[in-house]
Amino acid sequence: MRRLRGLTHRIRALLATRRVEDELDEEIRFHLERDIERNVRLGMDEAEARRQAYLRFGGVEVIKEQVRDESGVRWIKDMIQDARYALRGLGKAPVFTIAALLSLGVGIGVNTAIFSVVNGVLLQPLSYPEAGQLYLVRIRWHDYSSPLSDADLLGLMEGRQHLASVAGMWFRSGGFTVATPDGPEVVHGAWVTDAITVVFGVSPIVGRSFAPEDELAVIISHRYWQTRLQGSRAAIGGIIELDGRAFSIVGVMPPGFSLPGGDIWALGRLKEPTRRGPFYIQAIARLRDGSTAELAEADLRSVELLVREGYPESASGWRYYMLPLKQAVVGHARATLILLLGAVACVLLIAVANVVNLLLARGSLRHREVALRSALGAGRGRLVRQLITESAILGLLGALIGLALAAVALDVLSMGASAIIPRMSEVNIDASVLGFALLLGLACGTIAGTVPALTLPWSRLGELLREGGRGGTGGGSRGKTRKLLVVAEFALALSVLICAGLLAKSLVRLQTADLGIDEAGVVTFRLALPDDPYSEHSAFENFLTVLEQRLSALPAVTAVGFSTALPPDRLGLTNNYTVEGEEPGPGEPQLTAEWLLVTGSYFDALRIPLLRGRTFTLSDREGQPGVVVVNEAFVRKHFPDEDPLGKRLKSGRWSPEAPWLTLVGVVGDVTYQSGAAGGVNPTVYTAYRQNLAWHAPYVVMRARGDPEPLVSQVRREVRALEPRTPLRDVATMEQLVRGSTAVQRFRGTLFVLLALVALVMAATGIYGVISYHVASLRRETAIRRALGARNVQVVGAVLRQALLLAALGVVVGSAAALLLTRALTAFLFEVSPTDATAFAGAALVLFAVAIVACLVPSVRASRVDPVTVLREE
Amino acid sequence: MVDHRTDLLKGTLDLLILKTLDLEPMHGWGISERIQLFSDAVLQVPTGSLYPALQRLQRQGLIVAGWRRTENNRRARYYKLTPDGRRRLRVERESWDRMSLAINRVLQVSY
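Quick caveat, the model's predicted, so the values are computed rather than measured.

All right, on to the nonpolar core then. Residue and element names in this part refer to chain A. Counting residues in each nonpolar core, the largest one holds 75 residues, and the members touching the most others are Val117, Ile421 and Ile766. Secondary structure elements with two or more residues in this core: α6 (94-123), α11 (325-375), α12 (380-417), α15 (475-512), α22 (742-776), α24 (791-820) and α25 (836-862). Once residues lying within four places of it in the same chain are set aside, the contact partners of Ile421 are Val117, Val121, Ala333, Leu337 and Phe746. In terms of nonpolar packing, the next biggest core, distinct from the first, is built from 41 residues, Leu156, Trp191, Ile220 and Leu242 among them.

Residues and elements named next belong to chain A. Evaluated as defined, the whole model comprises 20 aromatic pairs over all chains. Ring centres of Phe176 and Trp191 lie 5.4 Å apart, and the angle between their planes is 75°; on these two criteria the pair is classed as edge-to-face. With a gap of 15 residues between them, Phe176 in strand β5 (residues 176-180) and Trp191 in strand β7 (residues 189-192) connect regions that are remote in the sequence. A ring pair is formed by Phe257 and Trp265, whose centres lie 5.9 Å apart and whose planes are at 75°; its orientation type is edge-to-face. Three or more aromatic residues joined by ring pairs make a cluster, and in this case those are Tyr602, Phe603, Phe616, Tyr672 and Tyr685.

Residues and elements named next belong to chain A. Put simply, Asp532 and Pro533 share a cis peptide bond, and its omega is 5°. Here Pro533 is to be found in helix α16 (residues 531-534). Here the residue pair Pro567 and Pro568 is connected by a cis peptide bond, since its omega of 0° sits within 30 degrees of zero. Positive phi, normally seen in glycine, also occurs at Gln230, with a value near 55°. Among the structural elements, Gln230 can be located in the loop between α9 (222-228) and β10 (239-242). Residue Gln230 is classed as exposed on the basis of its relative accessible area of 61%. The backbone phi angle of Arg423 is positive, close to 65°, even though this residue is not glycine.

Next up on the list: the pairing of strand β13 (residues 279-287) of chain A. Residue and element names in this part refer to chain A. Note that strand β1 (residues 134-141) and β13 share 4 bridges and pair antiparallel. The residue of β13 that forms the bridge with Tyr135 is Ala285. As defined by bridge partners, strand β3 (residues 148-149) adjoins β13 across 2 bridges and the pair is classed as antiparallel. Following the sheet pairing, Leu148 is matched in β13 by Ile281.

With that settled, consider the domain arrangement of chain A. Annotation of chain A at the domain level lists domain 1 (2-72), domain 2 (143-316), domain 3 (332-511 + 744-872) and domain 4 (528-726). Between the C-alpha centres of domain 1 of chain A and domain 2 of chain A there is a distance of 83 Å.

The next thing to look at is the pattern of salt bridges. Counted under the stated rule, the structure contains 35 salt bridges over all chains. Between Glu304 of chain A and Arg319 of chain A there is a salt bridge, and its shortest N-O distance comes to 3.1 Å. Separated by 15 residues along the polypeptide, Glu304 of chain A in helix α10 (residues 293-310) and Arg319 of chain A in strand β14 (residues 319-324) bring together distant segments of the chain. Judged by relative accessible area, Glu304 of chain A falls into the buried class, the value being 7%. Across the pair Asp518 of chain A and Arg702 of chain A runs a salt bridge whose closest N-O atoms are separated by 3.8 Å. Pair noted here: Asp518 of chain A is in the loop between α15 and β15 (522-526) and Arg702 of chain A is in strand β24 (residues 698-703), with a separation of 184 residues, a long-range link. Classification of Asp518 of chain A as partly exposed rests on a relative accessible area of 26%. Here the residues in one salt-bridge network are Arg19, Glu23 and Glu27 of chain A together with Arg77 of chain B, joined through shared partners.

All names here are of chain A. Following both chains from N to C, one finds α6 and helix α13 (residues 431-454) inclined at 145°, their axes separated by 10 Å at the closest point. For α6 against α13, the interelement crossing comes out right-handed. Counting all contacts with α6, which are made through Leu104, Ile108, Asn111, Thr112, Phe115, Ser116 and Asn119, the residues of α13 involved are Ser432, Val433, Phe436, Ala437, Leu440, Gly441 and Cys444. Along the lines of polarity and charge, the residues of the contact of α6 with α13 split into 8 nonpolar, 6 polar and no charged.

What follows covers the pairing of strand β6 (residues 183-187) of chain A. Sheet faces and side chains relate simply in a regular strand, where the side chains alternate between the two faces. All names here are of chain A. The pairing of β5 with β6 spans 5 bridges and is classified as antiparallel. Looking at β6, one finds that Thr177 is bridged to Val186. Here β5 folds back onto β6, and the loop between the two strands holds 2 residues.

Here the focus is the interface of chain B and chain A. Interfaces are often sized by the accessible area lost when the parts come together. Across the contact, 32 residues belong to chain B and 27 residues belong to chain A. Both sides together, the interface formed by chain B and chain A hides about 3000 Å², and carbon and sulfur atoms give 49% of it. Along the contact surface separating chain B from chain A lie 7 salt bridges. In this structure, Arg74 of chain B and Glu37 of chain A form a salt bridge, with 2.6 Å as the shortest nitrogen-oxygen distance. Seen at the junction of chain B and chain A, the total is 11 residue pairs in polar contact (both at pLDDT 80 or more). Looking at the side of chain B that touches chain A, the elements that each hand over two or more residues are α2 (28-38), α3 (47-59), β2 (63-69), β3 (75-81) and α4 (83-109) of chain B. It is α3 of chain B that provides the largest number of residues to the side of chain B that touches chain A, a total of 8 residues. Tallied by class, residues from the side of chain B that touches chain A come to 10 nonpolar, 13 polar and 9 charged.

Rules behind the numbers
- Residues numbered from 1 in each chain as written.
- Chains lettered and ligands numbered in written order.
- Predicted model: local features only at pLDDT ≥ 70, side-chain atom pairs only at ≥ 80, totals over all residues.
- Heavy atoms only, no water.
- Core = buried A, V, L, I, M, F, W, Y, C linked by side-chain atoms within 4.5 Å.
- Buried < 20%, exposed > 50% of the residue type's maximum accessible area, 1.4 Å probe, protein only.
- Helix = DSSP H or I, 4+ residues; strand = E, 2+ residues; numbered from the N terminus.
- Contact = heavy atoms within 4.5 Å.
- Phe/Tyr/Trp six-rings, centres within 6.5 Å; stacked < 30°, edge-to-face > 60°.
- Pairing = 2+ DSSP bridges.
- Domains from an automatic or database assignment.
- Salt bridge = Lys/Arg side-chain N within 4 Å of Asp/Glu carboxyl O.
- Axes fitted to C-alpha atoms, helices over the stretch in contact; angles between N-to-C directions.
- Left-handed = near helix turned anticlockwise from the far one by under 90°.
- Nonpolar A, V, L, I, M, F, W, Y, C, P; charged D, E, K, R; others polar.
- Buried area = accessible area lost by both parts, 1.4 Å probe.
- Polar contact = N/O pair within 3.5 Å; in protein donor to acceptor, adjacent residues only side chain to side chain.

This is how it looks when you write it as structure tokens:
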């Protein structure tokens, strides 16, 4: 009951505002009149009676404020009133409002955009049922990590206790060749074991999952069904020809299920293992309900022991480990995204500093207004709340602008990043992104509003009112706050700028790095020949010879080579080797080199220089003595002071029976692993015609002029020779080189853009402060000019001020950057994180920006007309 | 401006208002006059605190207000105790009595 009465009271106070106010007025009037009457009765004259009554009552407006404070709905009414007041105030100061909103909008916009990517890519679970229970099981030997072997997966399927299900997945390099009425077509897909649909927890929407008795069966993606098979029901149970074999289509996965591996899952069989390796199977496991990864890993320990018992020759020290599937999918994008988050956070801080600066500048104009309201009875808390409400509204409006900007930025971003950041298609502005932006806006606004409210000269408000607001300088403490803010802005901008500079320099280094080849005029593609008949070495050798002849006969073609790897980042394999005279003792680790199978013309096609000896000829065939060609790095490592020609080495794990290969030539260094971790490594080239088991070669063609128009002729020639094989991954060497730096380009471009935004914001910040500085020194300037100071001196004085602030910012920012850029080390190629050029360059840019930003106010200062100004006083 | 509304005073003023209204419904001016009268002019009720206090008590549902004519036929806002207000008065009085007893004892000890 009591509560109800209280509530009615509050509702009345909230809704019937006008009446409540009138009644309060009437009540106070009644009180005063009665008091006056009494005073008159006590013998005072009319005027004295009135004076005494008012004196006894106290400040009417102050008491009314206090009564309103007690009504219990005060804060709601205040907030509505403050909001209305704030919007009106913002509308009245359009320049301030636009500047603040732009700052906040851009700051919140870039943060929202990057957060939405982080949210979609890193935070949201993968789009499979109970995706948190999905793990990749891999095997680790010291630092080396690899997928599993048949033996491992079989052991895992038997010994699992805490894993509900396990499936294997392995890829055929370059995808499946599918026969279609229009000729062969490359479709990406993977070999899988039958439990794959169980592991992912998703069943086909049409047809069925794999059954244990299935032989040659595939499940296809909904997309493939719709686009290539016209969504026909008849296709289910029908035949699809994969790599020359007929498979039956048993099921179609639901729409929206992104089929890991591509568009086709082909049922693969685990081979009855005869040894521990090879390791090529990605094992995907689902935890049992209620189990944990720790328990499952304990399980894996016992599987480990069992498997090793079966294959005693396998090395000890192999350990299984579990990697959350999400981490496996997005892990490599994590560092880049976190780096970007740091950069956008800097931009946001600059934006907030900017808004605080604007508020302070505006606040000093508003001291009179605040003083007036205070004198009229507004409490200090009330005034502070009002100031903060205003900036909070500013923040929310900024968030709305930011959301719009983020939506645009995301469109641009997903165009550039879909190949670089996984799950980019899952990124969108959802409820959590919306909440993030609004909260960020509210927080920024509130924080920005608190600073000026705290620095209001409360004790001097009365004075300000008397001064008539003419001075209105807001006191030294606010000026100092503003300068500190500008220094902070510059320091932040410098940090971002230095990072951008380092990444840009690294990118330039990467793009101009000598790859050891001449990429102009080269086109490459890949052929994956069917096993029948090319698993016959003679058939494959014949194919190589004929294709090389035919392609070489095309006009403008000057060289045609075959290889298993391509620069700058398509290294097929590495291999152990032993140089004669350096045989390892038992248990000693073996050396590893980049390992390629090539034909002799490969070196001609890429113009890799032959430095000593010879390359391969047609007579380096099977049955002839084994030969190798190595690069300079290999020679530097093993024969720094000897003639390398004629030296011998063995391929693979050391064994006394393996044949010796003779070193017949030395060629220039070529980069096969690009990026920060790559560079030139010891490389061994072996003769393709002596290793014919690998029948999926890259073809490298050099032509005079533009090689691209040749592709259709090449396609015709290949089809004439082997109609079942499409050309895969057709690209010019220039495209490959360019593509190898796509990630770095993406990162560098984003950082440079963010640095530009940070610079512009910092520039507006210093512009504001210096303009204000100039305005507040008008009198001083006028006097100096009257005393004969020349324009140059006046401009110089202002610029000195600006440069001092910039210099402080540079000092603080450089110190911060020295600590921060260490985080960049992994992203830098041949650039030190403390690179002097980047630091100095960034500082110079900052100084230049400071000078440009301050030119206008300093020129304005020089135009001050002493007569006018001094007469104003 | 000096803030009169220390906690003790706030509670005390509320108690005095409730006590005054326990006798009969009254308007704001009357309440301040009566408190002064009853306390032999020892307690000056600062008007600055009276009206906010009345507002507070209303919000708490301890008193209700309504417009009425005075004996001189002028319109005035009269305040009246609710049953909750009466109950609160009793409780507050008891605790006040206990409190003053305790204070008295302390004062006696120090004699």
